[in-house]
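Summary of the model geometry
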Amino acid sequence: MIRDSILRTIILFLFFNTIAFGAKVKHITWQKELTFEEYLKKYNIPETILDTLDNEDELLVSDIKANQKFYELVASNGVLLQALIPLGEELQLHLRKTYEGYDLEIIPISYQKSTYVALLSVDKTPYKDIVSKVKNRALADEFVHLLKQSVNFKNIHKKDKIAIVYTQKMRLGQPIGIPDIKVAMLESNNQKHYVFKHSDGKYYNENAEELVKKYMGKPLKHIRITSKFTNRRFHPILKKWKAHHGTDLGAKRGTPILAVADGEVIFSGRMGGYGNVIKIQHKDNYVTLYAHQSRLKAKKGDIVSQGDIIGYVGSTGRSTGPHLHFGLYKDGIPIDPMRLVKFSSDGLTGKDKKAFLNRKRRYTKIINKIFDENMPSYVWNTIDKLAVMPKMKNYYKKRGW
Ligand SMILES: [Zn+2]
């Protein structure tokens, strides 16, 4: 199915390219604040095309990132023949001219996903070393963000050690999206600081304490999750690709909505399927979005603190009943809010804690062993065999990766 629709796209692209004499493929940038409706207007495409989208799809269309690179195929007479516009990390909007008019479809972006192990010793700073040796700026960002909650980065010295186990999506040889760190370790002053991702998607330190609590609070006083975040899933009945770029929280109309962290309100108004929306810019390039509000309280330009009331729960835009659609973005890319927002007050207990500690023991043992054997800086890819020296692969395999 995935293959089919990608293949179809490519064939159509080539087909149009050949028949439409003078047509040009353009790789261009999505203008900041441009809405999809305005984009359609620019090419005289009727807005009624949006009626073919369901609620969830229309929310995705409101999520086109500022400065997003995308493809257009435009005929010499200025008519848009096709456009491929990414929506988040895994799906793209495919707009194409047909004999009758235009057709709008959401299709997957193809990529490979691999697990990597990066082992480094510090020459300059952890950030600079990860950028220069692993060639992955997003990984450096994530690593520093996770570790700085338990390590003072001012006390890091040359030859301090870094270990990261992570999965990364790759497209055309380039990393795309945000790497998913499973374990990260920084050894400084002979003390090892670990961060582990547990099966609940949250990060904990070696004592099973959740790390995010210092960062973001709850958007509603009482949390009842009605729909979780997904980057993409195939809907078996609709036979369509879907995504949900946020967490839905059930609440009565009029329930106060709270800013999850300090920041500046960068949008307060109507936004397509999201209805009444507030967007808040936080530090480290994070943005939070609060959709479907009945009434907006905060205004654009307001400086808000964590816990401030910014608006009230409603059902505006494409919504089936009162709820808060809560979105979290890093550098414009939607990510799972569960990763940074503390929705429950419980730490890990009982069985969960036991499972966590078991995993922790296994990972720390392996990392320690590898470092004790004084292995050089190395990035190991578990899937792309070409990138792996067979000897090294066996070396890691023996140690349990
Ligand atoms: Zn939602």
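Quick word on the overall build of the chain
When its secondary structure is counted, the chain shows seven helices and 24 strands. Considering only contacts in the chain between residues 6 or more positions apart, those separated by 24 or more positions represent 62%. Surface summary for the chain: the accessible area is close to 20200 Å², and the carbon and sulfur share equals 52%.

Side note on the pairing of strand S4 (residues 91-97)
Within S4, six of the seven residues are buried, which leaves the element mostly enclosed by the surrounding structure. Pairing analysis gives six bridges linking strand S3 (residues 80-87) to S4, with the strands arranged antiparallel. Across the sheet, the residue bridging to Gln82 is Arg96, located in S4. The hairpin turn running from S3 into S4, its antiparallel successor, is three residues long, and Gly88 in that turn takes a positive phi close to 75 degrees. The pairing of S4 with strand S5 (residues 102-108) spans seven bridges and is classified as antiparallel. Within S5, the position partnered with Leu91 by the bridge is Pro108. Hairpin connection of S4 to S5: four residues between the antiparallel strands.

Considering the sheet that holds strand S1 (residues 24-29)
Here five strands make up an open sheet; going across it, the order is S1-S2-S3-S4-S5 and the pairing antiparallel. Two strands lie at the open edges of the sheet, namely S1 and S5, each paired on one side alone. When strand polarity is set aside, the average angle formed by the axes of neighbouring strands in this sheet is 20 degrees.

Brief notes about the coordination of the zinc ion
Ligation of the zinc ion by protein atoms is provided by His244 (NE2), Asp248 (OD) and His325 (ND1), these donors lying 2.0 to 2.2 Å from the ion. Along the chain, the residues donating to the zinc ion fall in the pattern H-x3-D-x76-H. Looking at His244, the relative accessible area reads 4%, which means it is buried.

Topic: the sheet that holds strand S15 (residues 256-258)
With antiparallel pairing, three strands are arranged side by side in an open sheet as S15-S21-S19. Edge positions in the open sheet fall to S15 and strand S19 (295-296), since each of these has one partner strand only. Here three bridges tie S15 to strand S21 (residues 309-312), and the two strands are oriented antiparallel to one another. Directly across from Leu258, in S21, lies its bridge partner Ile309.

Concerning the nonpolar core
Membership of the largest hydrophobic core comes to 26 residues, with the highest contact counts inside it found for Phe36, Tyr39, Leu80, Ile85 and Leu95. Every element with two or more residues in this core is listed here: helix H2 (36-42), helix H3 (55-61), strand S2 (69-74), S3, S4, S5 and strand S13 (240-244). Top element by residues in this core is S3. It accounts for four residues. Ignoring anything within four residues of it in the chain, the contact list for Ile85 reads Trp30, Phe36, Tyr39, Ile64, Phe70, Gln92 and Leu93.

What counts, and at which threshold
Residues numbered from 1 in each chain as written. Predicted model: local features only at pLDDT ≥ 70, side-chain atom pairs only at ≥ 80, totals over all residues. Heavy atoms only, no water. Helix = DSSP H or I, 4+ residues; strand = E, 2+ residues; numbered from the N terminus. Contact = heavy atoms within 4.5 Å. Areas by Shrake-Rupley, 256 points an atom, 1.4 Å probe, with all protein chains shown as cover. Buried < 20%, exposed > 50% of the residue type's maximum accessible area, 1.4 Å probe, protein only. Pairing = 2+ DSSP bridges. Axes fitted to C-alpha atoms, helices over the stretch in contact; angles between N-to-C directions. Donors = N, O, S within 2.8 Å, 3.2 Å for Na, K, Ca; no water. Core = buried A, V, L, I, M, F, W, Y, C linked by side-chain atoms within 4.5 Å.

Geometric descriptors of this kind do not, in isolation, establish any biological role.
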